[in-house]
Amino acid sequence: MATLWGGFLRLGSLLSLSCLALSVLLLVQLSDAAKNFEDVRCKCICPPYKDNSGHIYNKNISQKDCDCLHVVDPMPVRGPDVEAYCLRCECKYEERSSVTIKVTIIIYLSILGLLLLYMVYLTLVEPILKRRLFGHSQLIQSDDDVGDHQPFANAHDVLARSRGRANVLNKVEYAQQRWKLQVQEQRKSVFDRHVVLS
Amino acid sequence: MMDFLEEPIPGVGTYDDFNTIDWVREKSRDRDRHREITNKSKESTWALIHSVSDAFSGWLLMLLIGLLSGSLAGLIDISAHWMTDLKEGICTEGFWFNHEHCCWNSDHVTFEDRDKCPEWNSWSQLIISTDEGAFAYIVNYFMYVLWALLFAFLAVSLVKVFAPYACGSGIPEIKTILSGFIIRGYLGKWTLIIKTITLVLAVSSGLSLGKEGPLVHVACCCGNILCHCFNKYRKNEAKRREVLSAAAAAGVSVAFGAPIGGVLFSLEEVSYYFPLKTLWRSFFAALVAAFTLRSINPFGNSRLVLFYVEFHTPWHLWELVPFILLGIFGGLWGALFIRTNIAWCRKRKTTQLGKYPVVEVLVVTAITAILAFPNEYTRMSTSELISELFNDCGLLDSSKLCDYENRFNTSKGGELPDRPAGVGVYSAMWQLALTLILKIVITIFTFGMKIPSGLFIPSMAVGAIAGRLLGVGMEQLAYYHHDWAIFNSWCSQGADCITPGLYAMVGAAACLGGVTRMTVSLVVIMFELTGGLEYIVPLMAAAMTSKWVADALGREGIYDAHIRLNGYPFLEAKEEFAHKTLAMDVMKPRRNDPLLTVLTQDSMTVEDVETIISETTYSGFPVVVSRESQRLVGFVLRRDLIISIENARKKQDGVVSTSIIYFTEHSPPMPPYTPPTLKLRNILDLSPFTVTDLTPMEIVVDIFRKLGLRQCLVTHNGRLLGIITKKDVLKHIAQMANQDPDSILFN
């Protein structure tokens, strides 16, 4: 039963990962297709010439029209001077995707915000809640070194993980407790004993 | 080798944390699995499909790794770009735009002042509505330092609360993991999330660190997490390491936009065993990652890296002299940096300094931000600095470095001749010299702190500054003294001889090579950055010189030095063992130690075995025929014994403490009314590696390296004498090299 569950979970995670990958590609294509008119530009930099000071011209124009004659408007010089003026100008075609930038920044800030909230909850709110609900049983008590002091207790742990748990809520709580223990172990190795990643 | 007739107990064949895997066992397991699938595929269509999908799963996995790494790299690049500019101001048109993108569509950008536009408001403009004056400068300064401290504080708190393994560069630990070590949680999903988020924060806080090393860690995390979707890779540690090598290549590929360089980096620096099949798959993963990043287009114009170089001006043979000088500088700086950084990290590890990681990060950030703001070259992000230094000055560039006096009449075909430096260039030189000193000093204290920190970009910055200074110096020398003998032959007046941008690039390569001791991969990464083969000779000259100079001053690169500092059990594959010791000098037990702890094949009870397990900490026990004969049967691992005995006590009827354990094919003859026996033959390794006691240690070290052994049994005249473990080999090598053998931790 557990192996069937495990198989389903793995299939589900594989499918969701493929969906995520495909959606990333799709988003990229979409942002390409629904190209904002303002997301392409031709930038011409023209240095000072005779009496005119230097100027920068921007225009939202396609790549084939990206040259001095289309972009520099109004032309500051007349007649034969136009060619001399345009020879000095440097025109470059650039494009970007403002939708991608917006979506990325919003995704990043929301993940950062969620993590900060969870961090505040874990460090400040949860100890207060636990103190209020004193006496509520905790699933895993041991706080000390999960080393090889009791090798057979660890074996029990390994075997227990392979069996299924009945209650979903219990499972979530159990997983969270296990994760907290893991992080505590990691914190000890990195910050206290300086054994890894000094 | 293993008995597959019975259903394997879950947990047998897995490894404890901080242990080394058994490469031979994993590889043979994979071959067995493959053989089983191939044999079954002839039976039914479903089995045939299964075998085809099994072969195809490796490629699908590479595709997924490339997609995920590319997307994460795009996220990191865009967010870091935005957050770096957040220290200086905010865009009123949409808060998600950084400075450059905010002024992208603006019509009010002037020729003289190309950075300013009304849509972008600096903090002083928002707070006191003006940008001029001393008070505005102080407000900007204050906000800059405040934002830097906030980002650094968030980064270190997130690392401490959620994933302590996310700090540091990650490459030394990944090297150790790829050589067979297990660090549980180092490549897990929480480490991935926290590393991605805090990397952006750390880079944005203005600290002198880069994101290339951590990107390799992020890519390897992606690889490890995606392995869980495929049975073939989830259950086999050796196959998983092949995937991690490919993921590391994808990581470097997105960091530099250099797929081939990424594969070579993975081959040269990170991987331990790199079979030929992995080469092609790594290339595929690196290409997919680079393609994904290109589609996300973080820097516009389909460039993958901020400092992509686009010039192709030629160089002259005489210029090899300054290039070699830059190589020597790179080597000297590399050796100095490694020595000082390791000394500082050792201090952090052993003294009180290590007890206050959050305070340390905040202090270093405060110092960096306070010293960085006044100088415009330290205020900008290091990638932008490198990009500006690599840039070849055109006629219309407005930066201070390009402020040359244009005393010529015509420009032939876009090529500018060498020009005398204007006032801007001289002041830029002074500022760059100060930047160089600041970066050299502060990077020593930054690398190794408890936030994700990489080392490639700061080293490249140091090298680029030194190179540009030398290049501008050479250029002015060539202009003012074009009649000297060295310049006369190739640099006539009015010609474009010297390109300071090229010097900056060569300097960057030299410094990076001096620190990391990369050779081929460095040159390939640099020439993929420039898009051409013209500069291969200068790059190779500088890289080789810097490696030789740095090797003369110190044996190891920065990553190997950190591996040795942390005491990881990493058996260096590149060095020769040159001493004449024998196997019996290294084996345990030594002369005065108690005898080797062995199990007999059919005369020990469950209680005896349990006593041995609880009294000793050995990770495995040899099994002999009997204590008198000491003839070897096989080797059994501690973890497998524990799990099997526990399982037997629960599941098998009648197994008690006085039950006999036997490792033979058939149960030994037992008198009646004795409790049932316990067969543990399926966890016994029937082909352990043995050497005789007079085998030279050169050969033993070679065997350990080439086969990836954990332990090797020593026999004398056919009888079991002792055991040599990987830890013993490492201690012996350390002893022979006069290092402290007690610094090797872990089993």
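This is a predicted model, so every value here is computed, not measured. Every chain is numbered on its own, with residues counted from 1 as its sequence reads. Chain letters and ligand numbers both follow the written order, the letters beginning at A and the numbers at 1. In keeping with the predicted nature of the model, local features appear solely for residues at pLDDT of at least 70, side-chain atom pairs appear and are counted solely at 80 or more, and the whole-chain, interface and lining totals rest on all residues. Where side-chain values are given, they derive from all heavy atoms of the structure, hydrogens and water being excluded.

A closer look at the UniProt feature "domain: CBS" (unreviewed entry) in chain B
Then step 1. In the numbering used here, UniProt assigns the "domain: CBS" (unreviewed entry) feature to residues 587-651 and 683-743 of chain B.
Then step 2. In DSSP terms, a helix is any run of H or I states spanning at least four residues, a strand is any run of E spanning at least two, and both are numbered starting from the N terminus. Across residues 587-651 of chain B, the secondary structure splits into 37% helix and 23% strand, with the terminal C-alpha atoms separated by 39 Å. UniProt positions are given in the numbering used here, feature names are shortened, and annotations may be inferred rather than shown by experiment.

Details of the sheet that holds strand E10 (residues 690-692) of chain B
Residue and element names in this part refer to chain B.
Then step 1. Note on pairing: two strands pair once DSSP finds at least 2 bridges between them. Strand order in the open sheet made by the three strands is E10-E11-E12, with mixed pairing throughout. Each edge of the sheet is formed by a strand with only one pairing partner; in this case those strands are E10 and strand E12 (719-725). Going from strand to strand, the sheet's axes swing by 35° on average, the running direction of each strand aside.
Then step 2. Running at roughly 65° to E12, helix H27 (residues 697-707) makes contact with E10, strand E11 (711-716) and E12 of the sheet. A fitted line through C-alpha atoms represents every axis, and for helices the fit uses only the stretch in contact; the resulting angles, taken between N-to-C directions, go from 0 to 180 degrees. Should any heavy atoms of two residues lie within 4.5 Å, those residues are considered in contact.

Looking at the UniProt feature "transmembrane region" (unreviewed entry) in chain A
Then step 1. Under the present numbering, the feature "transmembrane region" (unreviewed entry) in UniProt falls on residues 105-124 of chain A.
Then step 2. Secondary structure across residues 105-124 of chain A comprises 100% helix and 0% strand; the distance between its end C-alpha atoms is 28 Å.

What to know about the domain arrangement of chain B
All names here are of chain B.
Then step 1. Annotation of chain B at the domain level lists domain 1 (66-104 + 112-294), domain 2 (315-404 + 416-564) and domain 3 (581-735).
Then step 2. Boundaries between domains were set according to an automatic or database domain assignment. Distance from the C-alpha centre of domain 1 to the C-alpha centre of domain 2: 22 Å.
Then step 3. Residue-level contacts link 46 residues of domain 1 with 47 residues of domain 2.
Then step 4. Once two parts are brought into contact, the accessible area they lose, counted with a 1.4 Å probe and summed over both, makes up the buried area. Note on domain 1 versus domain 2: buried area summed over both sides is about 4,100 Å², and carbon and sulfur give 71% of it.
Then step 5. For domain 1, the biggest contributors to the area lost against domain 2 are Leu207, Ser208 and Phe256; these three give 16% of the whole.
Then step 6. Whenever a nitrogen or oxygen atom comes within 3.5 Å of another N or O atom, the pair is scored as a polar contact, on the condition that within protein one atom can donate a hydrogen and the other can accept it, and that pairs from neighbouring residues in sequence are kept only if both atoms are in side chains. Inspection of the region where domain 1 meets domain 2 yields twelve residue pairs in polar contact (both at pLDDT 80 or more).
Then step 7. Where the side of domain 1 that touches domain 2 is concerned, the elements lending two or more residues are helix H5 (134-162), helix H6 (171-178), helix H7 (189-204), helix H8 (212-227), helix H10 (237-256) and helix H11 (259-270).
Then step 8. The greatest single-element share of the side of domain 1 that touches domain 2, amounting to 13 residues, is contributed by H5.
Then step 9. Note on residue categories: nonpolar means Ala, Val, Leu, Ile, Met, Phe, Trp, Tyr, Cys or Pro, charged means Asp, Glu, Lys or Arg, and polar means any other residue, Gly included. Of the residues that constitute the side of domain 1 that touches domain 2, the class distribution is 27 nonpolar, eleven polar and eight charged.

Observations concerning the sheet that holds strand E2 (residues 55-59) of chain A
Residue and element names in this part refer to chain A.
Then step 1. One open sheet accounts for three strands, arranged E2-E1-E3; its pairing is antiparallel. Each end of this open sheet is capped by a strand with a single partner; those strands are E2 and strand E3 (90-95). Each adjacent strand pair in this sheet contributes to an overall mean axis angle of 20°, direction not counted.
Then step 2. Across five bridges, strand E1 (residues 40-46) lies against E2 in antiparallel orientation. Looking at E2, one finds that lysine 43 is bridged to asparagine 58.

Examining the state of the cysteines
Residues and elements named next belong to chain B.
Then step 1. The definition used for a disulfide is geometric: two cysteine sulfur atoms within 2.5 Å. As enumerated under the stated definition, the model contains seven disulfides over all chains in all.
Then step 2. Paired by a disulfide, cysteine 91 and cysteine 102 hold their sulfur atoms 1.9 Å apart. Taking the sign of the torsion about the S-S bond as the criterion, the disulfide between cysteine 91 and cysteine 102, at about 80°, is right-handed. Residue cysteine 91 is located in strand E1 (residues 89-91), and its partner cysteine 102 is located in helix H3 (residues 99-102); the two are separated by eleven residues in the primary sequence. Cysteine 102 shares its class with cysteine 91; the two are buried.
Then step 3. By sequence order of its bonded cysteines, chain A has the disulfide arrangement 1-4, 2-8, 3-7, 5-6.
Then step 4. Free of any disulfide, cysteine 221 has its nearest neighbouring cysteine sulfur in cysteine 222, separated by 6.9 Å.
Then step 5. Using a relative accessible area of 1% as the deciding quantity, one classes cysteine 221 as buried. Exposure is judged per residue with a 1.4 Å probe applied to protein chains only, and the accessible area is read against the type maximum: over 50% gives exposed, under 20% gives buried, and values in between give partly exposed.

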